[in-house]
Amino acid sequence: MRILQGAAEAFDFSMDFAFHLVGGEALDATGDPLPAATRAACTDTDAVLLGAVGGPKWDHETGPRRCEAGLLSLRKLLDAYANLRPISVPDALGRLSPVATSAGADMVIVRELTGGIYFGEPRGNANGTAINTMRYDREEIIRIARIAFRLAEARNGSVTSVDKSNVLEVSRLWRDTVHALHSEEFDQIELADLYVDNAAMQMVLDPRRFDVVVTANLFGDILSDLAATLPGSLGVLPSASVGGSAGLFEPVHGSAPDIAGKGIANPMGAILSAAMMLDHLGEASAAHQVRSGVTEAINRGVLTRDLGGSASTREVASVVLQRMAAMHVNPSAI
């Protein structure tokens, strides 16, 4: 919130904020992890900035009372069918990565978010047999692939499509559809295919080979969490879920109840999620300066404990705010 307010002041735009419950606190207050008031507010706004949901207090909940059920419902409500996870490893963080080849890696994983096995019907668990259905239609694949290709146009011109077409019919449709769209609209983009198991191995062997990765819901869930280990901490990773009119922006990390309220949590993932939100709202210059502020904090060694430093949450944020203030006073200074 401090960063967004600072960006609005520095770049001369205004933001109106409204606050609503979701997840565990919503469950305690209303009995619903996504209450009606929250639903209404999220469908009548330009963007949603989401905090982490859930915690041990609510782990016993099942079915629609799970905190995660509220998150899934919110994604569906907003038609946020494309999850974008940028993952970069600055040289200054390369030493923290468990993967020796991570320094310099810079990729975006584009995960289909509202289809596939998490939402396919039929599903159920009864009489000793459980079933889930992986299901996609051609239009669902086209719209997510188009986002990946357009993103690659603005980056380094390369897309890797990940599937399991050697054994899954749904993946055969996925591969055929991605290639057809590539031939019709994006033949200037370099397109490669990988099976999901090989993709996981390649992300460990040489994550720098990837630019834009596009894949289905289940595979994207696994690969994005694997890639999230590359910078050495989940605390630096943002995400955006887009597709409908209001984007959904949230850090990748969880609620970390063991350090909540201590002022030591890493704010970078949340700050960078806010930068993605600013891009979505048409404030690209402000978004760029927010990212520059995070980079400056990393390069100056203003790091929280998860990154081997001793800075507080507010100290990290203050470095970013200093860039906002400098821009406000002297736009040519930054």
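Definitions and limits used
Residues numbered from 1 in each chain as written. Predicted model: local features only at pLDDT ≥ 70, side-chain atom pairs only at ≥ 80, totals over all residues. Heavy atoms only, no water. Helix = DSSP H or I, 4+ residues; strand = E, 2+ residues; numbered from the N terminus. Polar contact = N/O pair within 3.5 Å; in protein donor to acceptor, adjacent residues only side chain to side chain. Contact = heavy atoms within 4.5 Å. Core = buried A, V, L, I, M, F, W, Y, C linked by side-chain atoms within 4.5 Å. Buried < 20%, exposed > 50% of the residue type's maximum accessible area, 1.4 Å probe, protein only. Pairing = 2+ DSSP bridges. Axes fitted to C-alpha atoms, helices over the stretch in contact; angles between N-to-C directions. Phe/Tyr/Trp six-rings, centres within 6.5 Å; stacked < 30°, edge-to-face > 60°. Lys NZ or Arg CZ within 6 Å of the ring centre and 35° of its normal. Salt bridge = Lys/Arg side-chain N within 4 Å of Asp/Glu carboxyl O.

(A) Geometry of the side chain of Ser239. As for its placement among the helices and strands, Ser239 is situated in strand β9 (residues 238-242). There is a polar contact of 2.8 Å between the side chain of Ser239 and the backbone oxygen of Glu250. Every residue in contact with Ser239, bar those within four places of it in the chain, is listed here: Asn83, Leu84, Arg85, Leu248, Phe249, Glu250, Val252, Ser273 and Met276.

(B) Expanded view of the side chain of Asn217. Mapped onto the fold, Asn217 is located in helix α8 (residues 217-227). Beyond its immediate stretch of four places on either side in the chain, Asn217 contacts Arg111, Glu112, Leu113, Thr114, Gly115, Tyr118, Phe119 and Tyr136.

(C) Spatial organisation of the nonpolar core. Of all hydrophobic cores here, the largest spans 82 residues; its most connected members are Val110, Phe149, Met268 and Val290. Setting aside residues up to four positions removed in sequence, Met268 forms contacts with Gly235, Val236, Val294, Ala297, Ile298, Val302, Leu303, Leu307 and Val316. Residues Val48, Cys67, Leu78 and Ala80 belong to the second largest nonpolar core, which totals 15 residues.

(D) Region of interest: the sheet that holds strand β8 (residues 212-215). Strands sit in the order β1-β10-β9-β2-β3-β8-β6-β7 across an open sheet of eight strands; the sheet is mixed. Single-partner strands in this sheet number two, and they are β1 (47-49) and β7 (190-195). Each adjacent strand pair in this sheet contributes to an overall mean axis angle of 20°, direction not counted. With six bridges connecting them, strand β6 (residues 158-163) and β7 associate as parallel partners. Residue pairing for β7: Val162 is matched across the bridge by Leu194. The strands touched by helix α6 (residues 169-185) are β3 (106-112), β6, β7 and β8; relative to β7, the strand with the most contacts, the crossing angle is about 175°.

(E) Quick peek at the packing of aromatic side chains. Summed over all chains, the structure comprises two aromatic pairs. Centre to centre, the rings of Phe149 and Phe186 are 5.0 Å apart; their planes meet at 20°, and the pair counts as stacked. A residue pair is termed long-range when its members are at least 10 positions apart, and Phe149 in helix α5 (residues 138-154) and Phe186 in the loop between α6 and β7 qualify at 37 residues. Sitting above the plane of the Phe119 ring, Lys76 keeps its charged end 4.9 Å from the centroid.

(F) Looking closely at the pattern of salt bridges. One pass over the full model with this rule turns up 16 salt bridges. The shortest N-O distance in the salt bridge between Glu250 and Arg75 comes to 3.9 Å. Residue Glu250 is found in strand β10 (residues 247-251), and its partner Arg75 is found in helix α4 (residues 67-77); the two are separated by 175 residues along the sequence. Taken as a pair, Glu250 and Arg75 share a single burial class, namely buried. Residues Asp206 and Arg208 are paired through a salt bridge, measuring 3.4 Å at the closest nitrogen-oxygen approach. Note on Arg208: relative accessible area 46%, which makes it partly exposed. Salt bridges sharing partners connect three or more residues here, namely Asp106, Arg155 and Asp211.

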